[in-house]
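What the coordinates show
One-letter residues, chain by chain:
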Amino acid sequence: MQLNPEEKETLQKIDRRLVPAHVAIIMDGNGRWARAKGLPRSAGHRQGVETVREIVRFCSYLGIKALTLFAFSTENWHRPAEEVNFLMSLPEQYLQTELPELVKNNVMVKLLGDPQRLPEQVTRAIDEGLAATAKNSGMTLSFALNYGARMEILRAVEALIRDLPENKDEVAVSEELFAAHLYTAGLPDPDLLIRTGGEYRISNFLLWQLAYSELWFTPVYWPDFSKQHLLEAITEFQQRERRYGRASGK
Ligand code: IPE
Ligand code: IPE
Ligand code: MG
């Protein structure tokens, strides 16, 4: 892994045994990055894919067990068709070039979201990625595509009701049972949520799963997000005390 002197120095400050197991990222700010440079929004999305390549490689190198990237929300369909179409061309583009390396690095690809509304071009590329990496046991790389947390929760409720035995008056649903019906079934909850682009909101991402995640926000636009920024987020994460409602242990 090529690291510059600043990154090497920051990497030495983090405890490699205590890197967050699951990092989730709201990759925001592509459009503003492009506008600031006088470029079309698509140029920001294209550069954003380059950041995805770099961050995926780096997370796998760091030994992060799960990386979840918010790539397209259920609300993003409200954008102009031209932009939606461009965004829908990116998963295929990314996977075409990266799949061999993902396979080599033992990364498993996963889709979070409803595949129904996704164009065939996207589902074909994702299916290929899932099939090629299904047996891998290294980092789980989840793409949230046509993902909305409220929709995810409603789908889980529907599935639970469907599975209900007939003539049952009392129903007990545990947190574990509910979570097993979410798209993230089998994944641990995120330890660290990063949002780039300067907004302080969740935008319908992983509402259930983020209950006790540490949140880290940066004004940096996603196309400019670097290994160094990720290391800074992890450094701060390692300094926080996760109390889960208990009294401080310090
Ligand atoms: C994130 O960048 C990419 C997606 C949401 C698909 P944006 O396109 O939202 O960029 P801004 O927030 O308009 O700058
Ligand atoms: C969140 O970004 C969704 C993704 C990063 C895919 P948005 O740009 O859609 O969020 P809002 O509209 O600023 O809340
Ligand atoms: Mg945005």
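Above this text is the structure in question.
This structure is a prediction, so every number in the text was calculated from the model and none was measured.

Here Glu 92 shows up in helix 4 (residues 81-104). This buried residue, Glu 92, is left without a salt bridge; Arg 124 holds the nearest opposite charge, at 4.1 Å. A distance of 3.1 Å separates the side chain of Glu 92 from the side chain of Gln 121, its partner in a polar contact.

Moving on: helix 1 (residues 5-13). Looking at helix 1, one finds that the buried residues are Glu 7, Thr 10 and Leu 11. Within helix 1, the buried residues cover an arc of 105 degrees as seen down the axis, which keeps them to one side. In helix 1, the exposed positions that point more than 90 degrees away from the buried face belong to Pro 5, Gln 12 and Lys 13. A side-chain oxygen of the first residue of helix 1 lies 3.1 Å from the backbone nitrogen of Glu 6; this N-cap is Asn 4.

Reading across from one edge, 3-4-2-1-5-6 is the order of the six strands in this open sheet, with parallel pairing throughout. Both outer strands of the open sheet, strand 3 (108-112) and strand 6 (214-217), are each paired with one neighbouring strand and no more. Taken pair by pair, the neighbouring strands of this sheet meet at an average axis angle of 20 degrees, ignoring direction. Judged from the five bridges that link them, strand 3 and strand 4 (residues 140-147) form a sheet pairing that is parallel. Looking across to strand 4, one finds that Leu 111 is bridged to Phe 143. Across the sheet, helix 3 (residues 41-62) touches strand 1 (22-26), strand 2 (66-73) and strand 4, and the angle it forms with strand 2 is around 160 degrees.

Attention shifts here to the site of ligand 2. Every residue near ligand 2 is listed here: Ile 26, Met 27, Asp 28, Phe 70, Ala 71, Phe 72, Asn 76, Arg 79, Arg 195, Arg 201 and Ser 203. At 3.2 Å, a side-chain N or O of Asp 28 approaches an oxygen atom of ligand 2. For ligand 2, whose unbound accessible area comes to 390 Å², protein coverage reaches 78%. Counting residues per element, the shell around ligand 2 draws most heavily on strand 2, at three residues. Looking at the shell around ligand 2 residue by residue, the classes come out as five nonpolar, two polar and four charged.

So, on to helix 3. For helix 3, built from 22 residues, the straight-helix expectation of 32 Å at 1.5 Å per residue is met to within 8% by its first-to-last C-alpha distance of 31 Å. Positive phi shows up at Gly 63, right after helix 3, with a value of about 85 degrees.

This part covers the packing of aromatic side chains. Counted by the stated rule, this structure contains 11 aromatic pairs. When the ring of Phe 70 is compared with that of Tyr 147, the centres are 5.8 Å apart and the planes differ by 85 degrees; the resulting orientation is edge-to-face. Of this pair, Phe 70 sits in strand 2 while Tyr 147 sits in strand 4, placing them 77 residues apart in sequence. Since its relative accessible area comes to 0%, Tyr 147 is described here as buried. Seen in terms of ring centroids, Trp 222 and Phe 225 are 5.3 Å apart; in terms of plane orientation they differ by 20 degrees. Their pairing is stacked. Neither Trp 222 nor Phe 225 differs from the other in exposure class; each is buried. Taken together through their ring pairs, the aromatic side chains of Phe 70, Tyr 147, Tyr 183 and Phe 205 make up a single cluster.

Next up on the list: the site of ligand 1. Residues in contact with ligand 1 amount to 13 residues; listed here are only the nearest, Asp 28, Gly 31, Arg 32, Arg 41 and Arg 79. With respect to ligand 1, the backbone of Gly 29 contributes an N or O atom lying 3.4 Å from an oxygen atom. Between ligand 1 and Arg 79 there is a distance of 2.7 Å, counted from an oxygen atom to a side-chain nitrogen or oxygen. Isolated, ligand 1 exposes 380 Å² of accessible area, and the fraction of that covered by the protein chains is 87%. For the shell around ligand 1, the secondary-structure elements that each account for two or more residues are helix 2 (30-36), helix 3 and helix 4. Sorting elements by how many residues they give to the shell around ligand 1 places helix 2 first, with three residues. The class makeup of the residues in the shell around ligand 1 is three nonpolar, five polar and five charged.

Quick notes on the rules
- Residues numbered from 1 in each chain as written.
- Chains lettered and ligands numbered in written order.
- Predicted model: local features only at pLDDT ≥ 70, side-chain atom pairs only at ≥ 80, totals over all residues.
- Heavy atoms only, no water.
- Helix = DSSP H or I, 4+ residues; strand = E, 2+ residues; numbered from the N terminus.
- Buried < 20%, exposed > 50% of the residue type's maximum accessible area, 1.4 Å probe, protein only.
- Lys, Arg positive; Asp, Glu negative; His and termini not counted.
- Salt bridge = Lys/Arg side-chain N within 4 Å of Asp/Glu carboxyl O.
- Polar contact = N/O pair within 3.5 Å; in protein donor to acceptor, adjacent residues only side chain to side chain.
- Arc of directions from axis to C-beta.
- Pairing = 2+ DSSP bridges.
- Axes fitted to C-alpha atoms, helices over the stretch in contact; angles between N-to-C directions.
- Contact = heavy atoms within 4.5 Å.
- Near = heavy atom within 4 Å.
- Areas by Shrake-Rupley, 256 points an atom, 1.4 Å probe, with all protein chains shown as cover.
- Nonpolar A, V, L, I, M, F, W, Y, C, P; charged D, E, K, R; others polar.
- Expected span 1.5 Å × (residues − 1).
- Phe/Tyr/Trp six-rings, centres within 6.5 Å; stacked < 30°, edge-to-face > 60°.

Interpretation note: all reported values are geometric properties and have no functional meaning in isolation.
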